[in-house]
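# Survey of secondary and tertiary structure
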Amino acid sequence: MERKHALLIIDVQNDFCEGGSLACQGGAQVAEDVTTYLRDHASKYDIVVASRDWHDPDNSNGGHFAASGEQPDWVNSWPVHCVAGSHGAEYHSNLDASLIDVHVQKGQGKPAYSLFEGTTPDGRSILEVLRESGVTSVDVCGIATDYCVLASSLDARKLGFEVTVLNNLITGVAAESSEAALQELLAQGCKVVSA
């Protein structure tokens, strides 16, 4: 069987870029760099998938949002971000969404860090989409290295995909936890390379 290759773009959204409610330094640059990379390497991929946090507006999303008047712990609870249908939940304008084949929404009413916890608008799991497409290996990029990029990459590995993280097309919440995430990915058999 022919081996197929996918690019997974994780959460390149306004709220995770400069000016957003949960901004990661360099997010806007990652959005721009992913677009440039994809335009230059489109033929490398059989399918391009992008995820977005898509949280409910009227609840804590299973404790994912810090309760009103309380400070987030920045580990399990966070400021309100990426509310479904809001400007913050949209892809950053530097990311050319026309290059994306499949869109995934995750976190509807519950915490969800991995792209594999989300669904397509027609309700399919991304695992189903990738399997139907014959994908055996994935490259991963996006935001944030130490949370959603990490979780998505680890899940891809556990599900049997060859995983390569493109370390010049990611940015994280914090330098120390991002470096720890990359070390964990290497320990779990993922590759970490410069695109």
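Everything below is about the structure printed above this text.
Residues numbered from 1 in each chain as written. Predicted model: local features only at pLDDT ≥ 70, side-chain atom pairs only at ≥ 80, totals over all residues. Heavy atoms only, no water.

Position of I10 among the secondary structure elements: in strand 1 (residues 4-10). Put simply, I10 and S152 are 142 residues apart on the chain and 8.0 Å apart in space, counted from C-alpha to C-alpha. If we skip the residues at most four places from it in the chain, I10 touches S51, L115, V140, C141, G142, I143, C148, V149 and S152. (Helix = DSSP H or I, 4+ residues; strand = E, 2+ residues; numbered from the N terminus. Contact = heavy atoms within 4.5 Å.)

Let us look at the sheet that holds strand 1. What the six strands build is an open sheet, ordered 3-2-1-4-5-6; its pairing is parallel. On the outer flanks of this sheet lie strand 3 (102-106) and strand 6 (191-193), each paired with one strand and no other. Mean inter-strand twist for the sheet, computed between neighbouring axes without regard to direction, equals 25 degrees. Strand direction decides the pairing type here: strand 4 (residues 135-143) and strand 5 (residues 162-171), joined by six bridges, are parallel. If you follow V140 over to strand 5, its bridge partner there is V165. Each of strand 1, strand 2 (47-53), strand 4 and strand 5 touches helix 1 (residues 27-41); the most contacted strand, strand 5, lies at about 125 degrees to it. (Pairing = 2+ DSSP bridges. Axes fitted to C-alpha atoms, helices over the stretch in contact; angles between N-to-C directions.)

Glancing now at the side chain of K106. Following the sequence through the fold, K106 ends up in strand 3. Owing to a relative accessible area of 0%, K106 belongs among the buried residues under this scheme. A distance of 2.5 Å separates the side chain of K106 from the side chain of D53, its partner in a polar contact. Looking at K106, its side chain comes within polar contact range of the main-chain oxygen of Y113, at 3.4 Å. (Buried < 20%, exposed > 50% of the residue type's maximum accessible area, 1.4 Å probe, protein only. Polar contact = N/O pair within 3.5 Å; in protein donor to acceptor, adjacent residues only side chain to side chain.)

With that settled, the discussion passes to helix 1. Over its 15 residues, helix 1 runs 21 Å from end to end, which matches the ideal 21 Å to within 8%, given 1.5 Å per residue. Of the positions making up helix 1, those classed as buried are G27, A28, V30, A31, V34, T35, Y37 and L38. Looking at the buried side of helix 1, the elements it contacts are strand 1, strand 2, strand 4 and strand 5. (Expected span 1.5 Å × (residues − 1).)

Quick look at the pattern of salt bridges now. What the rule picks out here adds up to eight salt bridges. The salt bridge partner of D122 is R124, with a shortest N-O separation of 3.4 Å. On the accessibility criterion, D122 (56% relative accessible area) is exposed. What makes R124 partly exposed here is its relative accessible area of 27%. Across the pair R124 and E132 runs a salt bridge, and its minimum N-O distance is 3.0 Å. Look at the salt bridges and you will find they share partners, linking D11, D53 and K106 into a network. (Salt bridge = Lys/Arg side-chain N within 4 Å of Asp/Glu carboxyl O.)

Turning next to the state of the cysteines. The final tally for this structure, using the stated rule, is zero disulfides. Residue C141 stays outside any disulfide, its sulfur separated by 12 Å from that of C17, the closest cysteine. Looking at C141, the relative accessible area reads 0%, which means it is buried. In this structure C190 is not part of a disulfide, and its nearest cysteine sulfur, from C141, lies 14 Å away. On the basis of relative accessible area, C190 is assigned to the buried category, the value being 4%. (Disulfide = S-S within 2.5 Å.)

On to unusual backbone geometry, then. The omega torsion across I143 and A144 is 0 degrees, close enough to zero to call that bond cis. Within the element layout of this structure, A144 appears in the loop between strand 4 and helix 3 (145-158). The backbone phi angle of D11 is positive, close to 50 degrees, even though this residue is not glycine. Note that D11 resides in the loop between strand 1 and helix 1. Here D11 falls in the buried class, since its relative accessible area comes to 0%. One non-glycine residue with positive phi stands out, namely W74, at about 65 degrees. Turning to its location among the elements, W74 is positioned in the loop between strand 2 and strand 3.

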